[in-house]
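# Understanding the architecture of this molecule
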Amino acid sequence: MAALCVTADSCRNWEKTGKSEFIRLCRHFVQTEPDGFVTTTTKDLKRALYELVWHAVSGSLKTEYAVSALAEIIDMRSDVISVLADVLNVIDTETSSIDEKTEMVQREKFLSFLTAMMNVNAVPEVLVRERFDLETLESLGLIQSQRQFNTKYVKMKTKLFYKQQKFNLLREANEGYAKLITELEQNIPNSRASDVVLENIKSLIGYFSLDPNRVLDIILEAFECRPHLDAFFIPLLQCYMCDATTLCQILGFKFHFYTETPDSMTPKSLYKVTAILLQYELIELEDIYPHLSPNDSDMLQAHKKNMIAARQYARKMSMVILADKGDNNTAEKEEKRDEVPDYQKLGLLEALLRLGDWHHAKLLMDRIPPFTAPRHQSIALAMTQLVHSTIEPLYKRCCVPRGSKRKAHKVLANSKAPKPVENFTDLVGDVCKICAYLGPHMSKDPVLIVKLLRIGKAFMKSFNAATDVGKDADKDEFFYSLLTLVDDVFLPSLSLMDCNACMSEEIWSLIKAFPYEFRYRLYGQWKNETYALHPELIRVKANTIDKSKYIMKRLTKENVKPLGRQIGKLSHANPGVMFEHVLSQIQIYDNYINPVVDSLKYLTSLSYDVLAYCIIQALANPEKERMKHEDTNLSPWLQSLASFCGAVFRKYNIELSGLLQYVANQLKAGKSFDLLILKEVVQKMSGIESSEEVTTDQLDALAGGELLRAEGGYFSQLRNTKKSSQRLKDCLVENDLAMPLCLLMAQQRNCIVFKEGSSKHLKLVGKLFDQCQDTLVQFGGFLATQLGIDDYTKKLPPLGEMVEQCHITPDAAFFMYRPMFIHAIAAKVDELKKADKGSKNSSSQRSQRYIQAVDFIASDVIESVHTLHVPKVWDDISPQFYVTFWSLAMYDLYVPSCSYEKEINKIKGQLTTLEDNRDVAPSKRRKEKEKYNLLIDKLKDEEKKQQDHCQRVIARLKHEKDNWFQSRTTKNDTITQFLQLCVFPRCCFTASDSVYCARFVHTIHNLKTPNFSTLLCYDRVFSDISYIVASCTENEASRYGRFLCAMLETVMRWHSEKSIYEKECGSYPGFVTVLRASNMESSSKADQLDYENFRHVCHKWQYKITKAVVICLESQEYVQIRNTLIVLTKILPYYPMVQNFGQALERRVDKIRQEEKDKRPDIYALAMGYSGQLKSKKTGMMPENLFHLKEEKEAAKTQSHTQIGTAQTNGPVVKQELDATASTDKGKESRSSSSKSQSKSSSSGSKGSSEKSSGSSDKKSSSKSSSLDRVIKEEKSHREERDKSQSKEDKENEKKDKDKSHKEDRERKDKDEKSHRIDREIKREKDETTHYVSSKERESRAGSHTSTSSQGSNKSSRKPELSPKTEESERESKRRKLEGHSTSSSSVGKVSNSI
């Protein structure tokens, strides 16, 4: 290597060995190199030369030694000089970059070395001037001054490359140019070819020495004057021109001339010539584009300024400015300014579009900012004309009626133009792209929009028709392209049109064929995104909002018509923006609802659909809170929107699919707030209300037929709901939402309690539950009246599936299943009637057919209900009875004749008023009279039809009653299951159901149903209502109060007169005080509860209700107090009937009024209302001695106790059934023998006698309010002690006896309860010893009657007379018997307390 050759030792021994070794090594390098030019592979030679020169520069080697060695090496090959020059140039660069003074010596040595090389001609001077820098040349003395050399160099370069020789060609050869112009401007016949003219031009150029470029310029000028002769000039230019770049430069000089000349506009002829040259590909757009003004950056900056100005304008319009409107007018003038001066790129674009050269036009539009070109009307119209020509064949074939006269557009024959469209799929190409470039500026050509809309409508017609068969990929592609056109072109273009209602309807004719999901997505893009993309739309939106504010500030019910027209005009073009502001005002001010609804009658169909979308968007706004800040009530904005929804959807034909699906989606997500929307929509569109505050007359009317319910069952009698109801029904059926909404609402009831309830206030949870329940009932009632049997049957799942798979409670499941059950029975009756055409249609035969139909239809239902409850339930009540109870309604049991008569009289009164009104025209009066008379006839027919139906239902119940209640268990268990599974769930379901439950109990009693104790049923209902009241919501409490009121109404009617009681209860098995086995019959009058004892029982029930009510009122719990006041208000007509009970109740209500006045206003309002009603009822209350005979009460009770204690073969006594718990051992009782029953009934008789004094003292204590308070406090304290002890006992037993069976735990609890009860009885007896003697005397007086009435009973069943000394032992005996072995037969022989 060279580096190894030129070492320090080589330099020291240079003359001896170093020089010879270096030359030999370089000769080796030169010989191995190929001939010719030195390449990059000569690095070894370069390295050797570099090392040698650098040693000479650094002083390690003398300069003369290095120069002599290099001189010898140069002779080896000719190209070594060039390599050496490169090496010297590198070292020159290295030494010139040294700044330190100590190393500047190396620079001087290098310059002297280079001078020496030049002196021996080792490096020629020419090569040095070529390769080295000017600074080095100045240092070597080759140039005088570096600065002067640079100046001279620049001048020379400018002269060579940029300076032209000037010739006045026109002056020197004017005759030749004149002949050239004459040749080009003459009338050229079609037959004359351009090649002849070209030969003449060549002759002129050669003869007159014309400049070819100037000749080309003159040819272009001639072409500009006659651009229509492109068939002549284009071949001429093609033959004449040798280079396209020259042609572009000449055109560029022309464009630059007009750009630099002030107040001059580029002529359109130049644009057209350039476009033609581009069309025929004589020039390229890439070559001519740089010559066009303005620059792309300037155009982009102008676009940004326009957007900023539009946003500032919108911001200014949203501000409250008290200045005049001069600035606004200026802004509008600026907005109307269309053309920008001398935009040559846009001028060329327009020329290309006019020629139909879409290919180059598209390339040019892609270079400029979007939508900059179509902002100018001339360019937009050129683009629309291109689309007109392209779609002409398809439009003529699909959308032009035969025989119509119109001006057709010519199809362009240009090869660069888009191909004519022959079918729908061809539109996907160039047409859709041109429309996309136009965007909202297609509004400048409404005719084209209408054409495209009609083509799209024709496509959607065929597209939707082919849905079932299948669609190909091309049609799918055009379908989505059509959606894009609607989104980007049609809807934004509508926003730029001024009040074009016809265009709005045309757009609706197309997009109504899309599903609502697609439409709402389009509306969302239009309203939320499109307005922000275009400066024109930004300004339009600002103006629309400003005008909307102006209208809404002045809208009242008096000026609805004129302002409604203005709302309609605004909504034609920008409905989304308009309705957003309107809805925001409605959410704040609910008094806007009615005026706004009335003012919307001037809207187009598209505007109505956008309104539906805007409502859903407002409802789904995540920024809005659906609850008030106190978190217990729904927000007012939601209530206002719900009310507006109901009103607007009823009055106008707006599609409901989106709104209903929104509610369904909210329910799927477990959100029940928006059920208020569905509730209002159903109420307004169908007239079916869900109000809990119905009056008694309305409730009575709701038990009638459909016409009576519509006339008298609701507060607001909405007329003309037939069409709106049909629209709602059709929407539910088409979207398959009828049954899903029902099922979701039924499921949501439990979700509210168990999922939503954990995080919400209890009051709000109750309101949400009531809202869900009311909406379910309302919606179910609507479906029952509107849906046909086929639709209802197909959509509704089977009963068992609803309960087991859908997890719906039986009450809701039967509520939804009941209409289908009724329809199925009616269809079966008609079928049987057709089969019996020959027989007479008597009443008995109609009843028989009805019974057969019920048996046939109910058989499957009875089988399906077996799985709804555990098998043990069906030992107490039969599945047939269960189905019968849940399948009937008030319409089946009761005919509201008074309501029918009332409505008929009201209509007759309207007839009389109509006849007296002479202002009504005779024709109108006649029509109204016919309508009223027809309505009266319909009501009468409906009443008769219901009467016949009720008779058939009663016949059915008589046919089934013997199989309802089996004698397998006690009547107490039967009543328990009846109340738990039937009465209590249904009485709280609806207000009509609460009355139905009371009516059904009365019907069972009137039918003399075997094994059913009416007295026991009433007693279980009235005994302790506190638990049910505490667990109800507000509306459930109202319904439960109606149920109690209906039950009390029946009881108090029986209580009012003895004749009524004897007639309706005297001989009925429901009032048998001794319950016999099913295989024994009782014909003794003594088995019936007599009238006076029944009055004592009624007094007891009033007392029990009072005690339960007082406990609830003193609980301090919000729900209990509220619900109690609601229940008390409902049962006020029949409770309290005794004065001392009313006084005690009044004191506690007054106390609540004082305590809750400043704490809980809603409870205070309820207490105030009830207190006033209670005071007004005081006159109707009676003293206790008038309510029941106190003087003869004890004797009558002794008679009652003796009757109750009479031994029977298979049943406990009445009081035992009245007070027995659900834990009674049913199996042991059913297996007890007759003899064991006799003995146990004897013991029970003795116990019954021993407790007469306790019952007597209870009745006596109730005569004074102070005694009532004491008893209530004792009962409350005993209950608390019992709960505590039982809770403690349960915990201990759970720890100690985990392995014991459930039966033992139940027996232990029974034993504890009996022990507590006996303790209370002993305590009361101890306090009431003073009354014992008188009660004993009354017992003896009633003894003879007792022995007569209990013929088959053992005399030992009566308790023997006791002295005061033996009282304690008797009580101890009673304790031992009840706590001892008698527990095993407690369900048979236990003695009751006094009734």
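Residues numbered from 1 in each chain as written. Predicted model: local features only at pLDDT ≥ 70, side-chain atom pairs only at ≥ 80, totals over all residues. Heavy atoms only, no water.

## Considerations on the overall build of the protein chain
The cut-off we apply is this: Segments assigned H or I by DSSP are reported as helices when at least four residues long, segments assigned E as strands when at least two residues long, and all are numbered from the N terminus. Residue exposure (1.4 Å probe, protein chains only): buried if accessible area is under 20% of the type maximum, exposed if over 50%, otherwise partly exposed. The contact rule is simple, with two residues in contact once any of their heavy atoms fall within 4.5 Å. We get accessible surface area from the Shrake-Rupley algorithm with a probe of 1.4 Å; when it comes to residues, only the shown protein chains can shield them.
On a plain count of helices and strands, the protein chain comes out with 71 helices and zero strands. For the protein chain, the residues scored as buried account for 52% of the 1395 residues in total. Here the analysis covers contacts within the protein chain between residues at least 6 apart in sequence; of these, 78% occur between residues at least 24 apart. Element-wise, carbon and sulfur atoms account for 51% of the exposed surface of the protein chain, whose accessible area totals about 66600 Å².

## A closer look at helix α14 (residues 212-225)
For the record, the criterion: By this rule, a helix spans an expected 1.5 Å times one less than how many residues it contains.
For α14, with 14 residues, the first-to-last C-alpha span of 20 Å sits near the 20 Å given by 1.5 Å per residue. Along α14, the residues that are buried comprise Val215, Leu216, Asp217, Ile218, Ile219, Leu220, Ala222, Phe223 and Glu224. Against α12 (174-185), α13 (194-208), α15 (230-240), α16 (244-260) and α17 (268-279) lie the buried residues of α14.

## Quick word on the state of the cysteines
In protein structure, a disulfide is the covalent linkage between the sulfur atoms of two cysteines. Where we set the bar: Only a pair of cysteine sulfur atoms within 2.5 Å counts as a disulfide in this structure description.
Enumeration over the complete set of coordinates arrives at zero disulfides. No disulfide involves Cys1098; its nearest neighbouring cysteine sulfur is the one of Cys1065, lying 9.4 Å away. For Cys1098, a relative accessible area of 2% gives the class buried.

## Some points on a positive patch on the surface
Condition: Patch building starts from residues that exceed 30% relative accessible area and form no salt bridge, then joins like charges within 9 Å and nonpolar side chains (Val, Leu, Ile, Met, Phe, Trp, Tyr) within 5 Å. A carboxyl oxygen of Asp or Glu within 4 Å of a side-chain nitrogen of Lys or Arg is what we treat as a salt bridge. For this count, His and the chain ends are skipped, Lys and Arg are scored as positive, and Asp and Glu as negative. The atom standing in for a charge is NZ when the residue is Lys, CZ when it is Arg, CG when it is Asp and CD when it is Glu.
Residues Lys561, Arg565, Lys569 and Lys601 make up a contiguous surface patch of positive charge. Residue position: Lys561 is located in helix α30 (residues 560-573).

## A few points about the pattern of salt bridges
When the charged atoms of two side chains with opposite charge come close together, those side chains can pair. According to the stated counting rule, one finds 39 salt bridges in the structure shown. Between Arg131 and Asp86 there is a salt bridge; the shortest N-O distance is 2.5 Å. Here Arg131 is found in helix α8 (residues 125-131), whereas its partner Asp86 is found in helix α6 (residues 80-96), with 45 residues between them in sequence. One salt bridge connects Lys944 with Asp948, and the closest N-O pair in it is separated by 3.6 Å.

## Details of the packing of aromatic side chains
How two aromatic rings sit relative to each other is given by the distance of their centres and the angle of their planes. This is how it is decided: Stacked, edge-to-face and tilted labels apply to pairs of Phe, Tyr and Trp rings (six-membered ring for Trp) whose centres lie within 6.5 Å, assigned for plane angles under 30 degrees, over 60, and everything in between, in that order. Lysine NZ or arginine CZ positioned within 6 Å of the ring centre and within 35 degrees of the ring normal marks a charge as sitting over the ring.
This structure, assessed with the given rule, holds 53 aromatic pairs. By the ring-pair criterion, three or more aromatic residues cluster together here, those being Phe814, Trp874, Phe881, Tyr882, Phe885, Trp886, Trp964, Phe965, Phe978, Tyr996, Phe1000 and Phe1012. The ring of Tyr313 carries the charged tip of Arg539 above its face, separated from the ring centre by 5.1 Å.

## A few points about the confidence of the model for the protein chain
Quick reminder of the rule: Confidence scores per residue from the predictor, reported as pLDDT, run from 0 to 100.
Per-residue confidence for the protein chain gives a mean pLDDT of 78; residues scoring 70 or more make up 78%. Averaged pLDDT values for the elements of the protein chain fall to 30 in helix α71 (residues 1386-1389) and rise to 94 in helix α33 (residues 605-619). Low pLDDT, under 50, characterises residues 322-340; the stretch is placed with 15 contacts to residues that sit more than four places away or in other chains. A low-confidence stretch, residues 1075-1086 (pLDDT under 50), is modelled with 21 contacts involving residues beyond four sequence positions or located in other chains.

## Digging into a nonpolar patch on the surface
Residues Met156, Leu160, Phe161 and Tyr162 make up a contiguous nonpolar surface patch of about 540 Å² in total accessible area. Its location among the elements puts Phe161 in helix α10 (residues 146-161). Residue Phe161 is classed as exposed on the basis of its relative accessible area of 61%.

## Here's the deal with the packing of helix α4 (residues 43-58) against helix α7 (residues 104-119)
Put simply, the test is: Note on definitions: angles span 0 to 180 degrees between N-to-C directions of axes, and those axes are lines fitted to C-alpha atoms, for helices only across the stretch in contact. Reported orientations rely on four angle classes, namely roughly parallel under 35 degrees, roughly antiparallel over 145, roughly perpendicular from 65 to 115, and oblique for the rest. For any helix crossing, the convention is left-handed if the near helix is rotated counterclockwise from the far helix by under a right angle, and right-handed if that rotation is clockwise.
Remark: α4 packs on α7, axes separated minimally by 8 Å, with the N-to-C direction vectors making an angle of 120°. Our classification of the angle between α4 and α7 gives oblique. Where α4 crosses over α7, the two elements pack in a sense that is right-handed. Here Val53, Trp54, Ala56, Val57 and Ser58 of α4 come into contact with α7, specifically with Gln106, Lys109, Phe110 and Phe113.

## Describing helix α21 (residues 344-355)
Between the first and last C-alpha of α21 there are 17 Å, a value that for twelve residues agrees with the 16 Å anticipated at 1.5 Å per step. In terms of burial, α21 is largely enclosed, as eleven of its twelve residues are buried. Gln344, Lys345, Leu346, Gly347, Leu348, Leu349, Glu350, Ala351, Leu352, Leu353 and Leu355 are the residues of α21 that are buried. In this structure, the buried side of α21 is in contact with α16, α17, α19 (296-318), α22 (358-367) and α23 (377-398). Once α21 ends, the next one or two residues include Gly356, with phi positive near 90°.

## Looking at the packing of helix α45 (residues 843-865) against helix α49 (residues 922-960)
The condition is simple: Residues are grouped as follows: Ala, Val, Leu, Ile, Met, Phe, Trp, Tyr, Cys and Pro are nonpolar; Asp, Glu, Lys and Arg are charged; all remaining types, including Gly, are polar.
Viewed as axis vectors pointing N to C, α45 and α49 meet at an angle of 60°, and their least axial separation amounts to 9 Å. Taken together, the axes of α45 and α49 are oblique relative to one another. Once α45 is placed against α49, the crossing between them reads as right-handed. Where α45 abuts α49, its residues Ser843, Arg846, Ser847, Tyr850, Ile851, Val854 and Asp855 lie against His949, Gln951, Arg952, Val953, Ala955, Arg956, His959 and Glu960. Looking at the contact of α45 with α49 residue by residue, the classes come out as five nonpolar, five polar and five charged.

## Digging into the nonpolar core
Heads up, the condition is: The term nonpolar core refers to a set of buried residues drawn from Ala, Val, Leu, Ile, Met, Phe, Trp, Tyr and Cys, joined through side-chain atoms within 4.5 Å.
If you look at the biggest cluster of nonpolar residues, it comprises 310 residues, and the most contacted ones within it are Leu277, Phe490, Phe644 and Phe978. Not counting the four nearest positions on each side in its chain, Phe978 is found in contact with Ile877, Phe881, Phe885, Val983, Phe1000, Val1001, Ile1004, Phe1012 and Cys1017. Among the nonpolar cores identified, the runner-up in size contains 43 residues, and Cys11, Leu70, Met117 and Ile143 belong to it.

## Points about the environment of Val421
Mapped onto the elements of the fold, Val421 is located in the loop between α23 and α24 (430-438). The class for Val421 is buried, based on a relative accessible area of 1%. A sequence separation of ten residues divides Val421 from Val411, and the C-alpha atoms of the two residues are 10.0 Å apart. Once residues lying within four places of it in the same chain are set aside, the contact partners of Val421 are Thr390, Ile391, Pro393, Leu394, Asp426, Leu427 and Val431.

## So, the environment of Phe490
Relative to the assigned elements, Phe490 resides in helix α26 (residues 473-495). C-alpha separation for the pair Phe490 and Ile507, spaced 17 residues apart in sequence, amounts to 7.4 Å. Each residue touching Phe490, except ones within four places of it in the same chain, is listed here: Met442, Ile449, Leu452, Leu453, Leu485, Ile507 and Leu510.

## Thoughts on unusual backbone geometry
In this chain, Ser293 is followed by Pro294 through a cis amide linkage whose omega measures -5°. Its location among the elements puts Pro294 in the loop between α18 (285-288) and α19. With an omega of -5°, the peptide bond between Tyr1135 and Pro1136 qualifies as cis. Of note, Ser209 is a non-glycine position whose phi angle comes to about 55°, a positive value. Secondary-structure assignment places Ser209 in the loop between α13 and α14.

## Considerations on the environment of Ile825
If you trace the backbone, Ile825 turns up in helix α44 (residues 810-835). Residue contacts for Ile825: discarding those within four places in its chain leaves Tyr850, Ala853, Val854 and Ile857.

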